[in-house]
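# Report on the structure
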Amino acid sequence: MQKVSVVIPAYNEEERLPATLQRLRELSSAGMFQAEICEVVVVDDGSRDHTREVVEKLRSEWSPLRLCSLRENKGKGAAVKKGLVESHGDWILVADADMATPWEELNKLLSYSDRADLIMGSRALPESQIEVRQHWVRQSMGKIFNRIMRFFIGLPYKDTQCGFKLVRNEEVFRSKVLPLLSVERFAWDVELILFMEKFRLRVCEVPIRWQHKESSRVRLIHDSVEMLFAIRQMRRRLKKA
């Protein structure tokens with residue numbers, strides 16, 4: 001049976017993490033996944049609340065749980081990269097702390113493991129099941145960003161920002177893709193896709209169940225501008241890689 005490492009980037013998540021981790025533990029213990037959850041790496045991104053203490057307490061009760069900490073808040077991309085570096089499973093699932101995508105959807109991604117090296121959960125495919133939608137302003141901003149991104153970079157995917165991605169943890173990824181990842185904030189997904197394709201690794205998009213959760217860390221205008229700037233920088237780096 002294949003082994004999966006789960007990476008959860010966390011910034012000020014003391015309230016949501018206990019339920020998220022408990023649900024993952026229950027499903028894993030009941031053998032509900034088509035792979036073994038060999039470790040769960042929570043990366044604390046310089047939280048100002050009790051995120052670290054919450055994870056430390058839960059870690060004493062569940063051996064696969066690990067805590068990695070960044071001294072200061074660097075951004076989701078930096079936290080994700082730290083988790084990717086620390087992971088040892090055959091596959092690595094990057095998932096948000098809010099459980100917007102139910103853990104059970106991991107099996108859907110695993111069903112594509114024979115045909116892709118990066119399997120991305122998507123909220124934008126016809127078969128995707130959106131149970132609670134975002135506010136229309138946030139939806140519109142996301143669609144505009146995706147269209148701009150597709151225009152400038154040419155990626156064909158409809159949803160690059162969904163926080164539920166499964167990546168094959170193999171030699172090309174660790175030796176060539178991972179060292180090149182440098183985006184520290186919200187455009188890390190796009191950078192990962194670009195370099196996976198740069199080294200001819202296969203990427204696919206899979207419809208999933210998803211529901212909007214409040215308390216998003218994304219600042220619509222500020223972070224959208226930052227993402228577009230990051231994409232411009234990526235294009236330059238991609239040509240040099």
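We now turn to the structure provided with this report.

Parameters and conventions
- Residues numbered from 1 in each chain as written.
- Predicted model: local features only at pLDDT ≥ 70, side-chain atom pairs only at ≥ 80, totals over all residues.
- Heavy atoms only, no water.
- Helix = DSSP H or I, 4+ residues; strand = E, 2+ residues; numbered from the N terminus.
- Buried < 20%, exposed > 50% of the residue type's maximum accessible area, 1.4 Å probe, protein only.
- Contact = heavy atoms within 4.5 Å.
- Areas by Shrake-Rupley, 256 points an atom, 1.4 Å probe, with all protein chains shown as cover.
- Core = buried A, V, L, I, M, F, W, Y, C linked by side-chain atoms within 4.5 Å.
- Salt bridge = Lys/Arg side-chain N within 4 Å of Asp/Glu carboxyl O.
- Phe/Tyr/Trp six-rings, centres within 6.5 Å; stacked < 30°, edge-to-face > 60°.
- Lys NZ or Arg CZ within 6 Å of the ring centre and 35° of its normal.
- Polar contact = N/O pair within 3.5 Å; in protein donor to acceptor, adjacent residues only side chain to side chain.
- Pairing = 2+ DSSP bridges.
- Right-handed = clockwise from strand over helix to strand, strands pointing away.
- Arc of directions from axis to C-beta.

### Overview of the overall build of the protein
Helix and strand counts for the protein come out as eight helices and nine strands. Put simply, the protein has 241 residues, and 49% of those count as buried. In the protein, the share of contacts with a sequence separation of at least 24, taken over all contacts with a separation of at least 6, comes to 82%. In the structure as shown, the protein presents an accessible area of about 11900 Å², 50% of it carried by carbon and sulfur atoms.

### Looking at the nonpolar core
Counting residues in hydrophobic clusters, the biggest one holds 35 residues, and the most contacted among them are Val 4, Val 6, Ile 8, Val 40, Leu 93, Trp 103 and Leu 166. Once residues within four sequence positions are removed from consideration, Val 6 is found in contact with Leu 24, Ile 37, Glu 39, Val 40, Val 41, Leu 93 and Trp 103.

### Looking at the pattern of salt bridges
When their charged atoms lie close together, side chains carrying opposite charge are able to pair. Applying the stated criterion across every chain, the model contains 15 salt bridges. The partner of Arg 202 in a salt bridge is Asp 117, and the shortest N-O contact between them spans 3.3 Å. Here the residue Arg 202 occupies a position in the loop between helix H7 (188-198) and strand E8 (203-207), and Asp 117 occupies one in the loop between helix H4 (106-110) and strand E5 (118-122), the gap between them amounting to 85 residues. The exposure class assigned to Asp 117 is buried, which follows from its relative accessible area of 8%.

### Some details on the environment of Leu 194
The topology assignment puts Leu 194 in helix H7. The buried category is assigned to Leu 194, whose relative accessible area is 7%. Taking the C-alpha atoms as reference points, Leu 194 and Leu 155, 39 residues apart in sequence, are found 8.1 Å from one another.

### Quick notes on the environment of Val 80
Along the chain, Val 80 falls in helix H3 (residues 76-86). Distance in space between the C-alpha atoms of Val 80 and Ile 8 is 7.5 Å, their sequence separation being 72 residues.

### As for the packing of aromatic side chains
Inspection of every chain in the model, using the stated rule, returns one aromatic pair. A centroid spacing of 6.5 Å and a plane angle of 55° characterise the contact between Trp 103 and Phe 164, whose relative ring orientation is tilted. With Trp 103 in the loop between strand E4 (91-95) and H4 and Phe 164 in strand E7 (residues 164-168), this residue pair connects regions lying 61 residues apart in the sequence. Note on Trp 103: relative accessible area 2%, which makes it buried. We note Arg 123 situated over the ring of Trp 210; from NZ or CZ to the ring centre the distance is 5.1 Å.

### Let's talk about the side chain of Glu 39
With respect to the secondary-structure elements, Glu 39 resides in strand E2 (residues 36-45). Taking the relative accessible area as the measure of exposure, Glu 39 reaches 7% and is therefore buried. Separated by 2.5 Å, the side chains of Glu 39 and Ser 5 make a polar contact. With sequence-adjacent residues up to four places away left out, Glu 39 is seen in contact with Val 4, Ser 5, Val 6, Pro 64, Arg 66, Glu 86, Ser 87, His 88 and Gly 89.

### Things to note about the pairing of strand E3 (residues 65-70)
In this structure, E2 lies alongside E3, joined through six bridges in parallel fashion. Across the sheet, Val 43 pairs through a bridge with Cys 68, a residue of E3. In this fold, the crossover linking E2 to E3 by way of helix H2 (residues 51-59) has right-handed handedness.

### Notes on the side chain of Ser 113
For Ser 113, the position within the fold is in the loop between H4 and E5. Not counting the four nearest positions on each side in its chain, Ser 113 is found in contact with Gln 2, Trp 91, Ile 119 and Arg 168.

### Some details on H2
Those residues of H2 lying buried are Thr 51, Val 54, Val 55 and Leu 58. The arc enclosing the buried residues of H2, seen along the axis, measures out at 95°, which places them on a common side.

### A closer look at the pairing of strand E1 (residues 3-10)
In terms of burial, E1 is largely enclosed, as seven of its eight residues are buried. Here eight bridges tie E1 to E2, and the two strands are oriented parallel to one another. In the sheet register, Val 4 faces E2, and the bridge partner there is Ile 37. With helix H1 (residues 17-29) bridging E1 and its parallel neighbour E2, the resulting β-α-β unit is right-handed. Across four bridges, E1 lies against E4 in parallel orientation. Bridging across to E4, Ser 5 finds its partner in Ile 92.

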